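An overview of the molecular structure
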Amino acid sequence: MRDGIGTVDIYVMGKQYRVPETLTILEAMEYAGYQMKRGCGCRAGFCGACATVYRIAGDFELKVGLACQTKVEQGMYLAQIPFFPGRKAIFNLEEIKPSVADFAQLYPEVFRCLGCSSCTKVCPQDIDVMQYIAYIQRGDFAKAADLSFDCLMCGLCVSRCPAHIVHYNAALTSRRLYSRYLAKPDAFLAERVREIENGAFDAELQELMESSRERLQELYNSREIE
Amino acid sequence: MAYTPQLRELMKKVEETRPSRVGNPFPRMTPEERQEVLKKFHPDYNEEGFREIRVGVDKGKRMPTEMADVIEAYSRLKGVALDLNTFDYDVDVLIIGGGGAGASAALEAQAAGAEVLLVTKLRFGDANTMMAQGGIQAADKPNDSPGIHYLDVVGGGRFENIPELARALVMDAPLVIAWLEKLGTMFDKKEDGTMITIHGGGTSRKRMHAARDYTGAEIMRTLRDEAYNRGIKVIEFCPAVELLLDKQGRAAGAVLYNLETEQYYIARAKTVIIATGGSGRLHYRGFPTSNHYGATADGLVMGYRAGAKTIYADSIQYHPTGGAYPPQLLGLLVTEKTRGLGATPLNVKGEQFVYHLETRDVESSAIIRECKERKLGVPLPTGIDAVWLDSPLIEQIHGEGTIERQLPAMLRQFARFGVDIRKEPMLIYPTLHYQNGGLLINENGQSTIENLYVAGETAGGIHGTNRLMGNSLLDILVFGRRAGRHAAAKSKEMAAPEGLNLDHLEQYHRELDQAGIGAERVSPMLLPRYTHR
Ligand SMILES: Cc1cc2nc3c(=O)[nH]c(=O)nc-3n(C[C@H](O)[C@H](O)[C@H](O)COP(=O)(O)OP(=O)(O)OC[C@H]3O[C@@H](n4cnc5c(N)ncnc54)[C@H](O)[C@@H]3O)c2cc1C
Ligand code: FES
């Protein structure tokens, strides 16, 4: 350890370890001797593998966080949630529509939200989870998609929901519905796909492939930049 | 308030020079200048970090030392008794790795009528794919074309790309975007449906498609959702540890290892697709890495042992903008989109020293030069030097609110550790990011071993010796899909493989022994070890 860095005491599932204060929870567990299997994926706040619950000694509040994105604190009592069961509805995107009726078939529990806001309070991404559930109930999939977009599917919301909602899967379905049916398809893209399928670029690519390195270098160095 | 008073003092220089830098672009390097900075400062050109491989099909080729260590190693199965002809799983196509390459291969193989099994080391989607922020390239705008894209790819790749692979990459690109669009991937679009596209390092057209700065996550979760919808069988926490070959020496399955129960399983398959991703967790030259926890070169090791050839395995990409401070962000990627939107690197005097969108190899080398040779880095309390990345400039160029809209993941990540990147510049240094080379493939994703396919970051040749941003998310889908389709078609033409064996390991072990390599070295690594004691 470098000079000048203090230490804190943390309790991994009740067991005490003294660790450098600059570490994240994940690094601290490793420092303490754990070789992670579950509970560790991207190590950068993108995958949601590392949901953690903790309390600080002397404080009544139950806190949550991503182990890779939360710094350790003195007196932290923590446990990771390595897995939390969540239901995923099976569907064929080509056969459903962005309608409340279709959604209710897939995720009826979404419409039984009690409005307790536990999901929103617990979200480590600070997403207003309850609000996007409300948008889904109203059939406003564009807003639900937009608001839920940063979800990492860590499952903390699901662990706290008294109505048994699997928010992250409902959100993902809303985003897929929005993107498939409500956002317009890209016309340029469709045109380019047609051109490629009709072989419009085949000759040009063949020629490029057969060009010498010198010729390619010349083309590259003189290419126009938008 | 994560920055110390000393850093705040240095930050003032950045603020002072900012007005004079707006609208005053820094010149790009000439081709000669690029060559020079690469030769002198890119880690790939520093012979100290490499050695010649002493065993296997590519004996005599150069590899980074840390890669050579896992290649020149004994199998985990040495001395383990297994019944290789009782199958726990018996399928048409076995896919090893649950990132974007594996998921797209699985979808296409199954769509082509094959029975598919996907096994992965961590959870399905715990992968580098999930972490890609910046975007994915495709030439789909009227002022762009696959030919122009091709030139960017090979120019960026130092003209060392395999032409057929580069062609497949650019020609399939719009098809891949259209496939994703139809699967309900939420790309950034204008009202009329046109995808919003911007520049990336080394692009000559604005062809970077994004889903905010969660592009890889959005693609990954969509593909995973679709795989579940289609009933594809997935086993998590169950890495492959060795390939199985049949009587004729063709790939015929794999030995799997349940990380939790520590049991081995035998999976027989007519064709096998390796999609295990990269190797950042080998920490070449001691660099921190942007890669996910499972990026330990397992596929490279297994494939090489079975006799598959490599290409450009000694070419590693260092991303110019890795987090340097606060310490919790060390090595983490600052997406290239940050520079795409106009943020520029600055030295300790607040001066720009390199054009902000050079190719990654050049940009990284210039940053290393600024710190190591010119000694103009920003000294950090953690004992390393770094450079500024002037993120507040983005809001000056594009208006307030741009960072929140376009870089929400970055904003959140730095805010978690006390830095507001809308107001305070970031501190960055190159981070180990990507494996440019890998196992050699052809345009169907076939390796040099029959019935063995490779897709994604484990494969090599597509990008020459330097990949451009946005071409990796693209390649994993292009070659994942191609490999999936071809492996499925191939599996239909053949009977179930017979005489499954691990004879190649014995041969390999003999070579190791002859080279005097000690038996304590075992691979694939599977999980890195970061324990303190
Ligand atoms: C932080 C970051 C940002 C990036 N940004 C961009 C970007 O903006 N644009 C772009 O184009 N590219 C980007 N890239 C690169 C790109 O994301 C990756 O190269 C690409 O996603 C790799 O995909 P893959 O499917 O080959 O590997 P991965 O997505 O890494 O998947 C490999 C999978 O295989 C599993 N695995 C490993 N070993 C085994 C084993 N022995 N058995 C079974 N399974 C195993 C892994 O756990 C993982 O799930 C970025 C990469 C990183 C790390
Ligand atoms: S490990 Fe991926 S979010 Fe923490």
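Since this is a predicted model, take the numbers as computed values, not measurements. (Residues numbered from 1 in each chain as written. Chains lettered and ligands numbered in written order. Predicted model: local features only at pLDDT ≥ 70, side-chain atom pairs only at ≥ 80, totals over all residues. Heavy atoms only, no water.)

1. A word on the overall build of chain A
Short version of the rule: Each helix corresponds to a stretch of at least 4 residues labelled H or I by DSSP, and each strand to a stretch of at least 2 residues labelled E; elements are numbered beginning at the N terminus. Think of it in three bands: with a 1.4 Å probe and only protein chains considered, a residue is buried below 20% of the maximum accessible area for its type, exposed above 50%, and partly exposed in between. Contact definition: two residues touch when any of their heavy atoms are within 4.5 Å.
Summing up its helical and strand segments, chain A has ten helices and five strands in all. Seen along its three principal axes, the alpha-carbon backbone of chain A occupies a region of about 70 × 55 × 30 Å. Considering chain A as a whole, with its 226 residues, one finds that 50% of them fall into the buried category. Taking the contacts inside chain A whose residues are at least 6 apart along the sequence as the reference set, 56% of them involve residues at least 24 apart.

2. Description of the overall build of chain B
Selection criterion: Our radius of gyration looks at C-alpha atoms and nothing else; its globule reference is 2.2 Å times the residue count to the power 0.38. Calculation of accessible area relied on Shrake-Rupley with a 1.4 Å probe; when residues are assessed, cover is drawn exclusively from the protein chains displayed. Here Asp and Glu are counted as negative and Lys and Arg as positive; His is not counted, and neither are the chain ends. The atoms used to mark charge sites are NZ of Lys, CZ of Arg, CG of Asp and CD of Glu.
Helix and strand counts for chain B come out as 16 helices and 22 strands. Expected size for 533 residues packed as a compact globule is a radius of gyration near 24 Å; at 23 Å, chain B falls within 12% of this value. Across its three principal axes, chain B shows a C-alpha extent of roughly 70 × 55 × 45 Å. Within chain B, the fraction of its 533 residues that count as buried is 70%. Total accessible area computed for chain B in this model is approximately 16800 Å², and 49% of it derives from carbon and sulfur atoms. The average position of the 63 basic charges and that of the 67 acidic charges among the side chains of chain B differ by 2 Å.

3. Concerning the interface of chain A and chain B
Our working rule: Buried area: the accessible area, evaluated with a 1.4 Å probe, that two parts lose upon being put together, summed over both parts. Throughout this description, the term salt bridge denotes a Lys or Arg side-chain nitrogen within 4 Å of a carboxyl oxygen of Asp or Glu.
Counting from both sides, the interface comprises 75 residues of chain A and, opposite them, 92 residues of chain B. Its largest share of buried area at the contact with chain B, chain A owes to F46(A), F149(A) and E226(A), together 11% of the area lost on that side. Our enumeration of links across chain A and chain B arrives at nine salt bridges. The salt bridge involving R38(A) is made with E260(B); its shortest N-O contact spans 2.3 Å.

4. Details of the domain arrangement of chain A
Formally: An automatic or database domain assignment supplies the start and end points of every domain.
Taken as a whole, chain A is organised into domain 1 (2-80), domain 2 (93-182) and domain 3 (187-221). Relative placement of domain 1 of chain A and domain 3 of chain A: their C-alpha centres are 51 Å apart.

5. Focus on the site of ligand 1
All names here are of chain B. Counted only if it meets this: If a single non-hydrogen atom of a residue is within 4 Å of a molecule or strand, that residue counts as near it. Side-chain atoms alone can form a polar contact between residues adjacent in sequence; in general such a contact is a pair of N or O atoms within 3.5 Å, and within protein one must be able to donate a hydrogen while the other accepts it. Any residue that is not Ala, Val, Leu, Ile, Met, Phe, Trp, Tyr, Cys, Pro, Asp, Glu, Lys or Arg is counted as polar, Gly included; the first ten are nonpolar and the last four charged.
Near ligand 1 lie 40 residues; those nearest to it are T129, G135, E457, S472 and L473. The separation between an oxygen atom of ligand 1 and a polar side-chain atom of E457 is 2.7 Å. Burial of ligand 1 by the protein chains amounts to 99% of its free accessible area of 990 Å². Of all the secondary structure elements, the ones that give two or more residues to the shell around ligand 1 are α4 (100-111), α5 (128-131), α9 (298-305), β18 (426-435) and α15 (472-493). Across the shell around ligand 1, the residue classes tally to 14 nonpolar, 21 polar and five charged.

6. What about the sheet that holds strand β8 (residues 208-209) of chain B?
Put simply, the test is: Each pair of strands is called paired provided DSSP finds at least two bridges between the two strands.
The three strands lie next to each other as β6-β8-β7 (chain B), forming an open sheet whose pairing is antiparallel. Edge positions in the sheet fall to β6 (136-137) and β7 (197-198) of chain B, since each of these pairs with one other strand and no more.

7. With respect to the side chain of E109(A)
Residue and element names in this part refer to chain A. Inspection of the secondary structure puts E109 in the loop between α2 (100-106) and α3 (118-122). Among the residues examined, E109 registers a relative accessible area of 8% and is labelled buried. Every residue in contact with E109, bar those within four places of it in the chain, is listed here: R87, A163, H164, I165 and V166.

8. Examining the side chain of T70(A)
Looking at the element boundaries, T70(A) is found in the loop between β4 (63-66) and β5 (76-80). Among the residues examined, T70(A) registers a relative accessible area of 14% and is labelled buried. A distance of 2.7 Å separates a polar atom in the side chain of T70(A) from the backbone oxygen of L66(A). Among all residues touching T70(A), those that are not within four sequence positions of it are L23(A), T24(A), I25(A), Y54(A), G65(A) and F417(B).

9. Regarding the sheet that holds strand β21 (residues 459-460) of chain B
The strands that make up a sheet pair up through hydrogen bonds in the backbone, lying either parallel or antiparallel. Residues and elements named next belong to chain B. Put simply, the rule is: All axes are obtained by fitting lines to C-alpha atoms, using only the stretch in contact for helices, and the reported angles, taken between N-to-C directions, cover 0 to 180 degrees.
Strand order in this open sheet of three strands is β13-β19-β21, and the pairing throughout is mixed. Edge positions in the sheet fall to β13 (310-311) and β21, since each has one partner strand and no second. Most of the contacts of α9 go to strand β19 (residues 438-440), to which it runs at about 40 degrees, and overall it touches β13 and β19.

10. As for the packing of α4(B) against helix α8 (residues 215-229) of chain B
For any two helices packed against each other, one specifies the crossing angle of their axes together with the interaxial distance. All names here are of chain B. What counts is decided by this rule: Should the near helix be turned anticlockwise from the far one by less than a right angle, the crossing is left-handed, and should it be turned clockwise, the crossing is right-handed.
Direction vectors running N to C along α4 and α8 enclose 35 degrees, while the axes themselves pass 10 Å from each other. Relative to α8, α4 is oriented so that their crossing is left-handed. Mapping the contact onto sequence places G100, A103, S104 and L107 in α4 and M220, L223, E226 and A227 in α8.

11. Observations concerning the packing of helix α8 (residues 187-197) of chain A against helix α7 (residues 163-182) of chain B
Put simply, the rule is: Oblique is the label for every angle not falling under 35 degrees (roughly parallel), over 145 degrees (roughly antiparallel), or within 65 to 115 degrees (roughly perpendicular).
Between α8(A) and α7(B), whose axes approach to 9 Å, the crossing angle comes to 135 degrees. Classified by the interaxial angle, the pair formed by α8(A) and α7(B) is oblique. As for how α8(A) packs across α7(B), the hand of that crossing is left-handed. On the side of α8(A), the interface is formed by L189(A), R192(A), V193(A), I196(A) and E197(A), while α7(B) contributes M171(B), P174(B), L175(B), I177(B), A178(B) and E181(B). Of the residues belonging to the contact of α8(A) with α7(B), the class tally is eight nonpolar, no polar and three charged.

12. What about the nonpolar core?
Put simply, the rule is: We call a set of buried residues a nonpolar core when its members are Ala, Val, Leu, Ile, Met, Phe, Trp, Tyr or Cys and they connect through side-chain atoms within 4.5 Å of each other.
By size, the foremost hydrophobic cluster in this structure holds 248 residues, and its most contacted members are I10(A) and L94(B). Of the residues forming this core, the biggest block, eleven residues, is contributed by α7(B).

13. A look at helix α1 (residues 25-32) of chain A
All names here are of chain A. Most of α1 is tucked away, with seven of its eight residues classed as buried. Those residues of α1 that sit buried are I25, L26, A28, M29, E30, Y31 and A32. Close packing links the buried residues of α1 with β1 (7-12), β2 (15-20), β3 (51-56) and β5.

14. Details of the packing of aromatic side chains
Stated precisely, the cut-off is as follows: Stacked, edge-to-face and tilted labels apply to pairs of Phe, Tyr and Trp rings (six-membered ring for Trp) whose centres lie within 6.5 Å, assigned for plane angles under 30 degrees, over 60, and everything in between, in that order. Look at NZ for Lys and CZ for Arg. If either is within 6 Å of the ring centre and within 35 degrees of the ring normal, a charge sits over the ring.
Scanning the model with the defined rule gives 14 aromatic pairs over all chains in all. Judged by centre distance (6.4 Å) and plane angle (65 degrees), the rings of F149(A) and Y214(B) are edge-to-face. With F149(A) in the loop between α5 (141-148) and α6 (156-160) and Y214(B) in the loop between β8 and α8, this residue pair bridges two chains. On the basis of relative accessible area, F149(A) is assigned to the buried category, the value being 1%. Counting every residue linked through ring pairs, the aromatic cluster contains F46(A), F149(A) and Y214(B). Of note, R62(B) hangs over the ring of F50(B), and the distance from its end group to the ring centre comes to 3.6 Å. Its end group placed over the ring of F149(A), R221(B) keeps NZ or CZ at 5.0 Å from the ring centre.

15. Quick notes on the pattern of salt bridges
Side chains that differ in charge, positive against negative, can pair when their charged atoms come close. Applying the stated rule across the entire model yields 55 salt bridges over all chains. The partner of R87(A) in a salt bridge is E109(A), and the shortest N-O contact between them spans 3.1 Å. With a gap of 22 residues between them, R87(A) in the loop between β5 and α2 and E109(A) in the loop between α2 and α3 connect regions that are remote in the sequence. For the salt bridge of E450(B) with K490(B), the shortest nitrogen-to-oxygen distance reads 3.3 Å. Pair noted here: E450(B) is in the loop between β19 and β20 (452-454) and K490(B) is in helix α15, with a separation of 40 residues, a long-range link. Looking at E450(B), the relative accessible area reads 43%, which means it is partly exposed. Overlapping salt bridges, with partners in common, bring together K88(A), R176(A), D225(B), E226(B) and R230(B) in one network.

16. Examining the pairing of strand β11 (residues 251-257) of chain B
Residue and element names in this part refer to chain B. Summarising burial for β11: seven of the seven residues are buried, a large majority. Strand direction decides the pairing type here: strand β10 (residues 240-245) and β11, joined by five bridges, are antiparallel. Bridged to L243 within β11 is A254. Pairing geometry for β11 and strand β12 (residues 264-274), over five bridges, is antiparallel. Residue pairing across strands places L256 opposite Y265, the latter belonging to β12. From the end of β11 to the start of β12, which pair antiparallel, there are six residues, and E262 there has a positive phi angle of about 60 degrees.

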